[in-house]
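These are the residues of each chain, in order.
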Amino acid sequence: MNRFKTSKFKNTTPKIPKKDCWIGGVRAGSNNVQGNLIKSSCNFVAFNPEHGGGGMVGLASHEAAADGKWPVTYMSCHADQVTDLDFSSFDNELLATCSADETVKLWRVCGLEEQVAEPEVTLSPGDGRLELVVFHPSAGGLLAVSSSRAVQIWDITRDSALAVLEQHPDHLQSFSWKQDGSLLATSCKDKKLRIFDPRAQLTTVQSVSGLGSNRDSRVLWVRDDCFLSTGFNQVRQQEVRLWDSRKLSSSLSSVSLATSTGILMPLFDQDSGLLVVAGKGDSVIDCYEVSSVEPFLPQVSHCLTEASNRSVALVPKLALDVGSCEVMRVLQLTENFIVPISYNVPRKASQDFHADLYPDTMGQTAAMTAGEWWGGENKQVEKVSLHPDKRPKSSTKTASRQPAPPLAEQKSKEKSVSSSELSSGSSSMAQSRSPSSTSGLSSGCLPSPSSTASSRQLQGMLGPSSKFRHIQGNVQHRDTHITNLRGINLTTPGECDGFCSSSRHVAVPLAIAGGQIAVFEPSQPGKLPDTALPTIQNSVSVADFCWDPFNPHRLAVAGDDAKIRMWLVPEGGLTETLTEPECVLQGHTEKIYSIKFHPQASGLLASSSYDLTVRLWDLESEKEVKKLKGHEDQIFGMAWSPDGKLLATVCKDGKVRVYDPRKSDQPIQEGPGPEGHRGARIVWVLEGKYILVSGFDSRSERQLYLISAEAVCAGPVGNVSADVSPSTLIPFYDPDTSVVFLTGKGDTRVFSYDIVPEEPYFLECSSFNSSEPHKGFSFLPKTLCDVRDVEVARALRLSKTTIEPVAFRVPRVRKEFFQDDVFPETAVWWETSLSAASWLSGSNSQHRKISLQPKDMTPVSEAPKEAPVRKYLPSSVYLEEKTDEQKKDELLSAMVAKLGNLDENPLPQESFQGVDEDEWDD
């Protein structure tokens, strides 16, 4: 008899609201990722937007503002593409994101008025690009994160993973937790479905060849021991299959959909048993009911949408309108909108609560902690009623929870547990927090600027924060580009930056015999003629080149013949080909690696060579004045200290050396540097107290190392991983902001970090991403920045055919004021009173400093304080109910006011010209 039992959800009908009820202006991203592009909690909607280089997350509210529009805001989350996001089931404000930058971050989202400053937790699984992140369905503070091959289980209060499941033989495409959190199912490109029991063993418990194609598939656990898979069958049709984990040899049922390339995205509502399936790029959303008897997957509805799907998400049950018999709400992410689609069961209007449609649902209090789950406990999340009178007060707000201790305390407690205990799943594991805590994080929202005490407390918990974390890089308008470049040399040595710029000129090596160099004027943008341009004919291939900081027209060029040639470019640029250099410096016995001008003394140049020496040259006398020794292998890079007293080098033998050239030709300090031998760069930071080295580790991963200048022998005090790429990161350090920008030749990304003298040493800021690889990146003098637009750095980007200015700005609200906190006095580095001879004799000097503040701007530190203003009115203002008498009084007052203004604003007909009385016909 049960076979023919009628379902109460069989007539569930999807309703697409009018367009004015859609969340607009979202500009959804078209990133091809395995994870979700949209997720919802009871309070907020998070989605993956198009802009921001992929590292941004958009946020919207379920409630409209006072003007009837849905506010949307954006926050910078990662240095690279956000690949997946997930809200905690036990905390409406806790959002987890994972990224191609190989990190997982947890954010406290409290509202749209203020941007989230910093993540509350950052996890580094260290397994390459991360693809998926999913919270555990019953344990608080526990999540699973996957890379391309493996899944890791993390307790967010620990510094390492609880478990790393065995790697899949091919690309891991999807995974899903069972409702009780005991098992985990995965789908793989090898067409197999696998089931894991992470606490019992790290290897597969069961597996089956259950996919008809190796194209993108998804897996989703539904009821009890059943899960479903979505993918494509052998004839390329979209397909949904239902599986019983107890009998995994064959599927219980399957449904074939349209022949489409759209990847199916399944959503399942536990209470109603309704399954929503939408294909990426399709304009249809299908709904099925997962039944325990045949037919296992009867179709309920077929919804045609106005726009194609980018992604879909389910709104939590506690946020539904039970009064209108809404049993499910789907958020459809399109290119420009988020469309809420409501699924309602048609019932006659009634004031009664339809209990048959709304069984008790999962509450928002975790059943156990991560430590309890890992120790072997299995508890179900307590269920709550959806009856309006019985619903928990916190159901549509943040779930009630007790404040957790600071993460530092939690982590220190967890470190007492040995790694052997973790791997064995011992039940004696120390609990990470009290059972009443649902997230393991501090419960408060990010404080307002006026909350100084709470701000200091939060700062102590999260660590230092950079004011440059949201720095934005933007390519300037095409009118400022130099275009139609031809014949650029793309094979300059690794020690060369590829091209360089002064305040007046840009030098670009050409792939023409004779080591020719083109010189362009950034002040004269536009399309270059097709005819040949005048060049500098260096006569031999260019090894390295740089502009004299004290003479923007003097270019030093090192050649393959071990000679350095000095060239003078006329004011206004080249009008004819230069063939005779100003002077030639000769002394090295082998090819030169790189050359660097002294930052304080004019006419003093340093060069490094394959002969393993560093030589100093006096340009006035045109002679070698010092020869530094002590290197045992190729010299990758060198840099002068800011005061010009010391010279640091990084070498292929894995060592960093510091020289005092005026006292000794041997290094005064020597210590470990990068482990890899593929290339490195070096620069002095933090007023010369530290040395920053970019290089490779033993696994060829690009790394940044920070070394104390007073204790080079002790090795790096801190380091951070960038990514895996063959090109050496070239650093540019801004001493005014302490921000370092790094990129490599052939990269599409520019990293940025705020360097601080205490842990964590590297504060990651937003990165700049270009649409195509650049062949070089050269930063311009600080005085060329537009401080009115809060532009803290400006660079030139060299591509195959163009030179494009790139402005790096810090987003600020009160731009009418001079932002003196990000624009301190800057050094006049282009002036000097010290000659090379004076420096060699022991004299020192410091650059004077000037302010970048325009005369007509007031510093923001002296600006009048603004009273905080709510951006949006609270819902109580426009949802407040009024009595009939109040409405009548307001209407009468409005009519009286209208009549009272007739004298000031006469009716239009009163100004019309009439006729005399005697002109009327009797």
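Owing to the predicted nature of the structure, the values given are computational and were not obtained by experimental measurement.

Bringing the overall build of the protein chain into the picture now. Each helix and strand counted, the protein chain has 7 helices and 68 strands in total. Long-range pairs, those at least 24 residues apart, make up 54% of the contacts in the protein chain with a sequence separation of at least 6. A total accessible area of about 41,100 Å² is found for the protein chain, and carbon and sulfur atoms account for 48% of it.

All right, on to the nonpolar core then. Core analysis: the biggest nonpolar cluster contains 46 residues, and Ile38, Ile285, Val327, Leu333 and Ile338 have the highest contact counts within it. Tallying contributions element by element places strand S29 (residues 326-333) first for this core, with 5 residues. Residues in contact with Val327, not counting those within four places in the same chain, are Phe9, Thr12, Asp269, Leu274, Lys317, Leu320, Tyr343, Val345, Leu357 and Tyr358. Counting 22 residues, the second largest nonpolar core, distinct from the first, contains Val750, Phe808, Val810 and Met857.

Turning our eyes to something else, we now look at the sheet that holds strand S53 (residues 669-672). Pairing within the open sheet is antiparallel, and its 4 strands lie in the order S50-S51-S52-S53. Of all strands in the sheet, those bounded by a partner on one side alone are strand S50 (635-640) and S53. When the angles between neighbouring strand axes are averaged without regard to direction, this sheet yields 15°.

A few words now on the pairing of strand S63 (residues 776-779). Neither face of S63 is open: one carries Gly776 and Ser778, the other Phe777 and Phe779, and all of them are buried. Where S63 meets strand S64 (residues 791-798), 4 bridges bridge the pair, whose relative direction is antiparallel. Bridge pairing links Gly776 to Leu798 in S64.

Now for the pattern of salt bridges. If you walk through the whole model with that rule in mind, you get 40 salt bridges. A salt bridge links Asp244 to Arg246; the nearest nitrogen and oxygen atoms lie 2.9 Å apart. For Glu624, the salt bridge is made with Arg615, and the minimal N-O distance between the two is 2.9 Å. By relative accessible area, which is 32% here, Glu624 ends up partly exposed.

Before going further, it helps to spend a moment on the side chain of Arg199. Examined against the element boundaries, Arg199 turns out to sit in the loop between strand S18 (192-196) and strand S19 (204-209). Here Arg199 is buried and forms no salt bridge, its nearest opposite-charge partner Asp197 lying at an N-O distance of 4.7 Å. One polar contact links Arg199 to Asn378, side chain to side chain, over a distance of 2.6 Å.

Once that is clear, we can look at the sheet that holds strand S42 (residues 551-559). If you trace the 4 strands from one edge of the open sheet to the other, you get S41-S42-S43-S44, paired in antiparallel fashion. Two strands bound the open sheet, and with one partner strand each, they are strand S41 (542-548) and strand S44 (583-586). Across this sheet, the average inter-strand angle for adjacent strands is 20°, counted without regard to direction. Judged from the 6 bridges that link them, S41 and S42 form a sheet pairing that is antiparallel. Along S42, the bridge assignment pairs Trp547 with Leu555.

Cis geometry marks the peptide bond from Glu759 to Pro760, where omega comes out at 5°. Positionally, Pro760 belongs in the loop between strand S60 (749-755) and strand S61 (762-764). Of note in the backbone geometry, Tyr761 takes a positive phi value of approximately 75° without being a glycine.

A word on the confidence of the model for the protein chain. In this model, the protein chain carries an average pLDDT of 83, and 85% of its residues clear a pLDDT of 70 or more. Low pLDDT, under 50, characterises residues 394-462; the stretch is placed with 136 contacts to residues that sit more than four places away or in other chains. When the criterion is pLDDT under 50, residues 908-915 qualifies, and its contacts beyond four places in sequence or with other chains add up to 1 contact.

Reading the values: rules and limits
- Residues numbered from 1 in each chain as written.
- Predicted model: local features only at pLDDT ≥ 70, side-chain atom pairs only at ≥ 80, totals over all residues.
- Heavy atoms only, no water.
- Helix = DSSP H or I, 4+ residues; strand = E, 2+ residues; numbered from the N terminus.
- Contact = heavy atoms within 4.5 Å.
- Areas by Shrake-Rupley, 256 points an atom, 1.4 Å probe, with all protein chains shown as cover.
- Core = buried A, V, L, I, M, F, W, Y, C linked by side-chain atoms within 4.5 Å.
- Buried < 20%, exposed > 50% of the residue type's maximum accessible area, 1.4 Å probe, protein only.
- Pairing = 2+ DSSP bridges.
- Axes fitted to C-alpha atoms, helices over the stretch in contact; angles between N-to-C directions.
- Salt bridge = Lys/Arg side-chain N within 4 Å of Asp/Glu carboxyl O.
- Lys, Arg positive; Asp, Glu negative; His and termini not counted.
- Polar contact = N/O pair within 3.5 Å; in protein donor to acceptor, adjacent residues only side chain to side chain.
- pLDDT = per-residue confidence, 0-100.

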